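This is what each chain is made of:
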Amino acid sequence: MKRFIGLYLIWGAIFQACGQAPPTLPSWQSSTCDSSRQVTSLSLYDLITPVYKTDSLREQTLGVSRVLAFVKDEPGTFHFLGSHRSGSPTDSLPAPTSRLDSMQRHAYFTAITEDPLYLYNRWAWLLDTTRQAFLVRRDSLVDSLRRQLPNYEVKVISDLRSAELQTKLLGRGRSMAPISFHQLGLAADLGFFRHGRLVRNAGPYEAIGDLTPYYQLIWGGNFVGFVDPPHFQLYRNAAAFLKDFPLLRFEFEPFYDRYLQRVQQKIEANKEYEVEDTKELLSTLNEYRSQFPCPCQSIAVMDTTRLQSPKIATLSADDLVIVGDLKEQRLNIWRGSHLLVSYRLGIWR
């Protein structure tokens, strides 16, 4: 039976890259990039995401000082979507936009040129009100615990977390989430201390689980597969969070394959019950992907004359130029005048 499931998942992974997905795949694994369908429009999100999510491309874009984005329409005219120079607080945009749209574009552009200490910093303009609500609940919970357990000193020992620390915790097996709610400012860990020493037995931490429902918080002690008694967070899981903040799918997309692999491994180990939240997240990402453009597969290009980049007077080798070509149905990424990669375009389905 395990062998059958393994072959089934491998078959699904093959279709994930490009083509038509078998109709019997579950919702968490059914997303595929269909290159037989014509792409008629492209947004900045569609252009930036492939660079942000692809490790090999990110390695080739280290040291980039400026990012420029264009769409080439079917008649062959280039349309400027905007640009960003590293370290600049603003972007160059083709036309006046709303503040929300400007902040959204800025988040996408800076993802290529800058890595903030905390992921929350990139999205504070969107998440600040929600974080402040979380902090009020967190502090109220801590006050209640201090009154209920006067023999312990209760401290917040982990709040905002850097991507570097999250990667280290993943490597040590102390976290299972590529994107943690700590990185988004919506989770915290508490420590109970006696005589100045951290208490490690589970006893006092169960009080967190008793009180979190009153503050509409989720306790890590109830997690399945990775029990975390000191931890609590605002959202039930990442899928529920993305329902409120769909723009943040930009941060989860780079780990899509990793989430998929974890589900596959747990199914093969007969532990599917441990990854129900991950399956829900994949299904949610698939819903957002559906019917939107995608880069289906990279294509070897011998003749780049058909894939011209726009004429930029001050172009340097440290500039990244991303062109969505609706005429050729390609997504072309250049560093200076050198073509890094050309993707065939398709539609997620």
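Fair warning: this is a prediction, and the values are worked out from it, not measured in the lab.

(A) Region of the structure containing the overall build of the protein chain. Within the protein chain one finds eleven helices and twelve strands. For the C-alpha atoms alone, the extent of the protein chain along its principal axes is close to 75 × 55 × 30 Å. By the burial criterion, 50% of the 349 residues in the protein chain qualify as buried. Restricting the contact set of the protein chain to residue pairs at least 6 apart, pairs at least 24 apart contribute 62%. Looking at the protein chain, you have 40 positive and 36 negative side-chain charges, and the mean spots of the two groups are 3 Å apart.

(B) How the structure looks around the state of the cysteines. Taken as a whole and assessed by the stated rule, the structure comprises one disulfide. For C33, the disulfide goes to C294, at an S-S distance of 2.0 Å. Because the torsion about its S-S bond is 95°, the bridge between C33 and C294 counts as right-handed. Taken together, the positions of C33 in strand β1 (residues 33-34) and C294 in strand β9 (residues 293-298) put the pair 261 residues apart, joining distant regions of the chain. Accessibility assignment for this pair places C33 and C294 in one class, buried.

(C) Inspection of the side chain of R122 at higher detail. Tracing the backbone shows R122 in helix α5 (residues 119-148). Given a relative accessible area of 8%, R122 falls into the buried group. Within polar-contact distance, the side chain of R122 engages the side chain of E251 at 2.8 Å. With sequence-adjacent residues up to four places away left out, R122 is seen in contact with Y52, A107, T110, A111, E114, D115, P116 and E251.

(D) Just the nonpolar core, in detail. Residues W123 and F241 are the most contacted members of the largest nonpolar core, which totals 78 residues. Among the elements that line this core, the one with the most residues is α5, at ten residues. Setting aside its immediate chain neighbours within four residues, F241 contacts L127, F181, L184, L186, Y235, L248 and F252. By size, the runner-up hydrophobic cluster in this structure holds eight residues, among which are F70, I312, V321 and W334.

(E) Expanded view of helix α4 (residues 99-113). Here α4 spans 21 Å end to end across 15 residues, near enough to the 21 Å set by a 1.5 Å rise per residue. Turning to α4, its buried residues are Q104, R105, H106, A107, Y108, F109, T110, A111, I112 and T113.

(F) Quick peek at helix α11 (residues 276-289). The terminal C-alpha atoms of α11 lie 20 Å apart, and with 14 residues this matches the ideal 20 Å at 1.5 Å per residue to within 8%. For α11, the full list of buried residues reads T278, K279, L281, L282, S283, T284, L285, N286 and R289. Two residues or fewer past α11, Q291 is found with a positive phi of approximately 70°.

(G) Structural detail: the packing of α4 against α5. Closest axis-to-axis distance for the α4/α5 pair is 10 Å, and the angle between their directions is 170°. With respect to α5, the element α4 is oriented roughly antiparallel. Seen from above, α4 lies across α5 with left-handed handedness. Across the interface between the two elements, R99, L100, M103, Q104, A107, Y108, T110 and A111 from α4 touch R122, W123 and W125 from α5. Taken together, the residues of the contact of α4 with α5 break down into seven nonpolar, two polar and two charged.

(H) Layout of the pattern of salt bridges. Scanning all chains against the criterion turns up 21 salt bridges. Here K72 makes a salt bridge to D325, at a shortest N to O gap of 3.9 Å. One end of the pair, K72, is in strand β2 (residues 66-72); the other, D325, is in strand β10 (residues 319-325), with 253 residues separating them in the sequence. By relative accessible area, which is 8% here, K72 ends up buried.

(I) Local environment of the packing of aromatic side chains. One pass over the structure, following the stated rule, counts 17 aromatic pairs. Consider the rings of Y152 and F192, whose centres lie 6.0 Å apart with planes at 90°: the pair is edge-to-face. Taken as a pair, Y152 in the loop between α5 and β4 (153-158) and F192 in strand β5 (residues 187-194) lie far apart in primary sequence, 40 residues in all. Overall, Y152 belongs to the partly exposed group, its relative accessible area being 22%. By relative accessible area, which is 0% here, F192 ends up buried. Joined through ring pairs, the aromatic side chains of Y45, Y52, Y108, W123, W125 and F250 make up one cluster.

(J) Highlighting the confidence of the model for the protein chain. Averaged over all residues, the pLDDT of the protein chain is 90; the fraction at 70 or higher stands at 91%. Considering only residues more than four positions removed or in separate chains, one finds that residues 1-16, a stretch of pLDDT under 50, has 26 contacts.

Calculation criteria
All chains use their own residue numbering, which begins from 1 and follows the written sequence. Local features in this predicted model are restricted to residues of pLDDT 70 or higher, and side-chain atom pairs are both shown and tallied only at a pLDDT of 80 or more, whereas totals for entire chains, interfaces and linings draw on every residue. In computing side-chain values, all of the structure's heavy atoms are included and hydrogens and water are not. We count a stretch as a helix when DSSP gives it H or I for four or more residues in a row; a strand needs E for two or more, and each element gets its number in order from the N terminus. For each residue, the accessible area found with a 1.4 Å probe, counting protein chains only, is set against the maximum for its type, and the residue is called buried under 20%, exposed over 50%, and partly exposed in between. Whether two residues touch is decided by their heavy atoms; if any such pair falls within 4.5 Å, the residues are in contact. Note on charges: Lys and Arg go in the positive column, Asp and Glu in the negative column, and His and the chain ends are not counted at all. For charged residues, the charge sits on one atom: NZ in Lys, CZ in Arg, CG in Asp, CD in Glu. The disulfide definition used here is simple: a pair of cysteine sulfur atoms within 2.5 Å. By the criterion applied in these results, polar contacts are pairs of N or O atoms within 3.5 Å in which, for protein atoms, one can donate a hydrogen and the other can accept it, and in which residues neighboring in sequence qualify only through two side-chain atoms. Note on terminology: a nonpolar core comprises buried Ala, Val, Leu, Ile, Met, Phe, Trp, Tyr and Cys residues joined through side-chain atoms within 4.5 Å. In a helix, the anticipated span is given by 1.5 Å times the number of residues less one. Angles here are taken between N-to-C directions and fall from 0 to 180 degrees, while the axes themselves are lines fitted to C-alpha atoms, restricted in helices to the stretch in contact. Each angle receives one of four descriptions, namely roughly parallel if under 35 degrees, roughly antiparallel if over 145, roughly perpendicular if within 65 to 115, and oblique otherwise. Left-handed describes a crossing whose near helix is turned anticlockwise from the far helix by less than a right angle; the clockwise case is right-handed. Just so you know the grouping, Ala, Val, Leu, Ile, Met, Phe, Trp, Tyr, Cys and Pro go in nonpolar, Asp, Glu, Lys and Arg go in charged, and all remaining residues, Gly too, go in polar. In what follows, salt bridge is the name for a side-chain nitrogen of Lys or Arg lying within 4 Å of a carboxyl oxygen of Asp or Glu. When the centres of two rings from Phe, Tyr and Trp lie within 6.5 Å, Trp using its six-membered ring, the rings pair. Their planes under 30 degrees apart give stacked, over 60 give edge-to-face, and anything left gives tilted. The predictor rates its confidence in each residue with pLDDT, a number between 0 and 100.

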